[in-house]
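Chain residues, written in single-letter form:
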Amino acid sequence: MSRRSTKTLAAALLAGGLLMSAPTAAGALDLDSLGPLGALDTGSLDTGSLGPENLADTPRLASVANFRDVAGNTGAGYKAANGHHLNRGVIYRSDAPTKTSDADLATLTALGVADAYDMRGQSEITNPLIGGQDKLPADAVYKNVPIEFSNLIQLAQTITSPEQAAQFLVDTNKSFVTDAAKRTQFATVLTDIANNDGAQLFHCTSGKDRTGWTAMLLQSLAGLPQQTIMDDYLLSNTYLEETNQKILQQITGALGAQAATNLTPILGVDASYLQAGLDQITADYGTVDKYLSEGLGLDAATIAKLKAKLVA
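These remarks concern the structure in this document. Because the structure is a prediction, the values reported are computed rather than measured.

Considerations on the pattern of salt bridges
Evaluation of the coordinates by the stated rule reveals eight salt bridges. Among the ionic pairs, Arg120 bridges to Asp134, the shortest N-O distance being 3.1 Å. Of the two residues, Arg120 is situated in the loop between strand E3 (113–118) and helix H3 (122–125) and Asp134 in the loop between H3 and strand E4 (141–144); the sequence distance between them amounts to 14 residues. With respect to burial, Arg120 and Asp134 carry one shared label: buried. Residues joined in a network through salt bridges with shared partners are Arg68, Arg93 and Asp232.

Below, the structure written as structure tokens:
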């Protein structure tokens, strides 16, 4: 049996509740003082009723705060418009796994993570304060697919109000539609996810903007209702809450309270950010499907492979 087949089997066993992930341990530096990570209140998210398989919940990772399943973290997976549930344990999203603890590495290995797509630019990866190389399972294949994005230090020097910070992310989401270079990189990530075996993981720095956009595209082509997609997008605020509080404390100590206030909107997500990108899709392409085929240039075979991965 190949290494990837072994990892896929382990992931299947874990999803069925037959393997228990190792206890998570807090990562070094910024994450070591975070409190216990409990279960999420998914609010209006429709995860459907539990099926006979009684799938185990997606593990919370203490050292990779925004790690979660594109298909939903509990039960049978999010319910698509046609009544089918999305397949859990196939495609994951996260913030940058640069300080992954040994316990969380064991969990990622058990989940069968085979490929990881890093959408950070080189300036983010090499930044001595907020960057770092991915720390992944030994057999996972790493690929950098950079989609440039100003890092927090650069933004702290240019953002002068919360309103300006919010507008920055509105404009960023619009650029995912209007910027040809960014469209090319999103197409690369989706094409590789479609064509590679084993569980797939994609991420950026915080796992909320470029990652949130990619998750939206996958969920849209799988037929999730718009409200479910938006609610899932907004979960980053819950997953990153404790981490962001620590970051704001650090910004306050280094740059003052006003700088922390100015940058607060950039640390989270708001419905207006994603909606700005969706509105740009409507203006430029009409539908998400046309954005995928015409804007990203995905062919019918690639889209069919993605749907097959996602939809039961």
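A few points about helix H2 (residues 102–110)
When we look at burial in H2, the residues that qualify are Ala103, Asp104, Leu105, Thr107, Leu108 and Ala110. Where H2 terminates, the next one or two residues include Gly112, which has phi positive at roughly 80 degrees.

Some words on the sheet that holds strand E5 (residues 199–203)
Spatially, the five strands line up as an open sheet ordered E1-E2-E5-E3-E4, and their pairing is mixed. Edge positions in the open sheet fall to strand E1 (68–69) and E4, since each of these has one partner strand only. Here E3 pairs with E5 via five bridges, running parallel. Its bridge partner lying in E5, Asp115 is registered against Gln200.

Regarding a nonpolar patch on the surface
A cluster of nonpolar side chains, contributed by Leu129, Ile130 and Ile153, occupies part of the molecular surface with about 240 Å² of accessible area. As for its placement among the helices and strands, Ile130 is situated in the loop between H3 and E4. For Ile130, a relative accessible area of 32% gives the class partly exposed.

Focus on the pairing of strand E2 (residues 91–94)
By the alternation rule, side chains of E2 split into Ile91 and Arg93 and Tyr92 and Ser94, which are all buried. Examined bridge by bridge, E1 and E2 share two bridges and lie antiparallel to one another. Across the sheet, the residue bridging to Arg68 is Arg93, located in E2. By the bridge criterion, four bridges tie E2 to E5 in an arrangement that is parallel. What sits directly across from Ser94, in E5, is His203.

Rules of the game
Residue positions within a chain follow its written sequence, with the count starting from 1. At least 70 in pLDDT is required for a residue's local features to be given in this predicted model, at least 80 for side-chain atom pairs to be given and counted, and no such filter applies to totals for whole chains, interfaces and linings, which use all residues. Just so you know, side-chain values use all the structure's heavy atoms and leave hydrogens and water out. Here a salt bridge means any side-chain nitrogen of Lys or Arg lying within 4 Å of a carboxyl oxygen belonging to Asp or Glu. Secondary structure elements are defined from DSSP: runs of H or I of at least 4 residues count as helices, runs of E of at least 2 residues count as strands, and each element is numbered from the N terminus. Only protein chains enter the accessibility calculation, which uses a 1.4 Å probe; a residue is then buried when its area is under 20% of its type maximum, exposed when over 50%, and partly exposed in between. DSSP-based pairing: two strands are paired if at least 2 bridges between them are found. A patch consists of residues exposed above 30% relative accessible area that lack any salt bridge, with like charges linked at up to 9 Å and nonpolar side chains (Val, Leu, Ile, Met, Phe, Trp, Tyr) linked at up to 5 Å. Methods summary: accessible areas were calculated by the Shrake-Rupley approach with a probe of 1.4 Å, and residue burial reflects only the protein chains presented.

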